[in-house]
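Structural characterization, general
So you can see what is in the structure, the chains are spelled out below.
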Amino acid sequence: MADKSIAHCDAIFMRRGAVRRMGDSFKRILSPDHEIISASSGQEALLNIESHRPDLVIMDIRMPGTNGLVTLKKIKEIDARLPVIIVTAYGTMQTAIEAMGLGAYEYMLKPFDVGQMRKIIDKALAAGQLMKKTVSYPPLAGTAKEEDLIVGSSAQMQEIYKMIGQVAGKDVTVLLRGESGTGKELVARAIYQHSKRSDQPFVVVNCAAIPETLLESELFGYEKGAFTGAEERRIGKFEQSNGGTMFLDEIGDMSLSTQTKILRVIQDGEFTRLGGKEPVRVDVRLIAATNKNLEVAIQEGKFREDLYYRLNVISIYLPPLRERKEDIPALVRYFVEKFSRELGKDVRAIDEAALHKLVRYGWPGNVRELENCLKRAVVLSKGDLLTAEDVQIQGTEKKERGRKEEASLEEMLEQVLDLASITEGAEIIPLVERALIRKALQKTGGNQVRAARLLGISRNTLRSRMKKYRIAKEVEITRG
């Protein structure tokens, strides 16, 4: 998908291919593979948005004619999913609050850090594309020129497609369950894109990826002075997604205190920012996902039972790939075609031996692991046909190395036992143990800590064995 963004202190649009007018400061940020279209006023920016349909807007508050906040409001009326970054030298707490309340993706004061701005631009573009890129499944496949596809015709997947169709248009909470890599985010996006809120924001929060100390402020925002470093009020993800949909991934990793606030949002449609006193009202549809057993977590006191029932209005289980192996050939064809196109390769098919190798494997990482495996295979392929040699499955390679190491150990043990059989009265276990300890100490230069770690025993156990076998007199020992 081509990147089309608006950037600069007034308004600039960009698309892949060419560069037009852009501010000197943004030349250090935006790469030349974008087309930049600038606007000198809010009115001109609105006209350009209508005609160019950009992917990102970066604009100032102070502009000729219509001011930035009014322009922002009109932009959101045109497309509520279009990310807008406000950059201004005239920032106040009130304008920041208003801008974020109107749906701005971020609010930055000049002068800004170039590295930080580049990261924010990348995240904003990714968030915008995530909302716009269609997710299709067999009943709706082929409805978009560029799309992510949920692949599979197994009985389990057919049931999932039915559930998506049944719940997408209903404004209810959905809980997606299944192992990591089974496609829970794709299903969440499919539900969102076929819902009544599809023209409103879709905000993704990975609860496991954000430190617990930051998650609550990320979700609910905070007031100035709420904690050390809170120099101004900040709007959280719930307010940013007001009117739209929020996908809470890995919700089983959330603390009990944050769960309590989530429960209040579901029950009452309101929450309080960190350090705040006044409740904030929002209208957000929640889609949650987890790879954990929430029933067990409830019994262990790690997950609120009342929140579980609020989230579990509709539950969709995504089976692991090993339980729907009949879908692997279709997934393979889809990923090979996708990566061949994206990477500029001419891979057209996969041979039977390679496909058999893929079907036979257990895929503990599920569809995500298969996807990464095939991407690597397409990158390294030398022709238009993927072979078994091209398809390197890391899990099987580790197992193969393990088998070889086990075989070598078996051979060595056979030799030791053969030696014991011809040495009358040999105490084989103490003999081997003594030899292992001596070799470990020699290998680590006499360092007892490293030797103990190498042998998988405690230092006290090592010292006891050294004393038993009088090894200290034979090997130069360091305290380590």
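Here we summarise the structure given alongside this text. Small disclaimer: the values here were computed from a predicted structure and weren't measured.

Some thoughts on the pattern of salt bridges
Under the criterion given, the structure shown has 21 salt bridges. Linking aspartate 253 and lysine 292 is a salt bridge whose minimum nitrogen-to-oxygen distance equals 3.7 Å. Taken together, the residues aspartate 253 in the loop between strand 11 (245-249) and helix 10 (256-268) and lysine 292 in the loop between strand 14 (285-290) and helix 11 (294-299) connect sequence positions 39 residues apart. Here glutamate 270 ties to arginine 281 by a salt bridge, and the two come within 3.0 Å at their closest N and O atoms. Placement of glutamate 270 in strand 12 (residues 270-271) and of arginine 281 in strand 13 (residues 280-281) is noted, with a sequence separation of eleven residues between them. According to the relative accessible area criterion, glutamate 270 is buried, its value standing at 15%. Relative accessible area serves as the criterion here: at 57%, arginine 281 is assigned to the exposed category. One connected set of salt bridges, linked through shared partners, spans Asp171, Arg197 and Asp283.

Concerning helix 10
Between its first and last C-alpha atoms helix 10 spans 18 Å; for 13 residues at 1.5 Å apiece the expected length is 18 Å, and the two agree. For helix 10, every residue scored as buried is listed here: Thr258, Gln259, Lys261, Ile262, Leu263 and Val265. The inward-facing, buried residues of helix 10 contact helix 8 (212-220), helix 9 (237-240), strand 11, strand 12, strand 14 and helix 12 (305-311). Two residues or fewer after helix 10 comes glycine 269, characterised by a positive phi angle close to 70°.

A short note on the sheet that holds strand 15 (residues 314-317)
As summarised here, the arrangement of the five strands in space is 10-11-14-9-15, forming an open sheet in which the pairing is parallel. With one partner strand each, in any of the chains shown, strand 10 (202-206) and strand 15 form the two edges of the open sheet. If you compare each strand with its neighbour and ignore which way they point, the axes differ by 15° on average. Pairing of strand 11 with strand 14, which is carried by four bridges, proceeds in the parallel orientation. Along strand 14, the bridge assignment pairs phenylalanine 247 with isoleucine 287. On the sheet, helix 6 (residues 155-167) packs against strand 9 (174-177), strand 14 and strand 15 and is oriented at approximately 155° with respect to strand 15. Along the sheet, helix 7 (residues 184-193) contacts strand 9, strand 10, strand 11, strand 14 and strand 15; its crossing angle with strand 9, the most-contacted strand, is approximately 155°.

Here we look at the packing of aromatic side chains
In the structure shown here, the tally under the stated rule is nine aromatic pairs. On the basis of an interplanar angle of 55° and a centroid distance of 5.2 Å, the ring pair of tyrosine 334 and phenylalanine 335 is categorised as tilted. This pair shows no difference in class: tyrosine 334 is buried, exactly as phenylalanine 335 is. Seen from their ring centres, phenylalanine 335 and phenylalanine 339 are 6.0 Å apart, and the 15° between their planes marks the pair as stacked.

Quick notes on the rules
Residues numbered from 1 in each chain as written. Predicted model: local features only at pLDDT ≥ 70, side-chain atom pairs only at ≥ 80, totals over all residues. Heavy atoms only, no water. Salt bridge = Lys/Arg side-chain N within 4 Å of Asp/Glu carboxyl O. Helix = DSSP H or I, 4+ residues; strand = E, 2+ residues; numbered from the N terminus. Buried < 20%, exposed > 50% of the residue type's maximum accessible area, 1.4 Å probe, protein only. Expected span 1.5 Å × (residues − 1). Contact = heavy atoms within 4.5 Å. Pairing = 2+ DSSP bridges. Axes fitted to C-alpha atoms, helices over the stretch in contact; angles between N-to-C directions. Phe/Tyr/Trp six-rings, centres within 6.5 Å; stacked < 30°, edge-to-face > 60°.

None of the figures reported here should be taken as evidence of function without further support.
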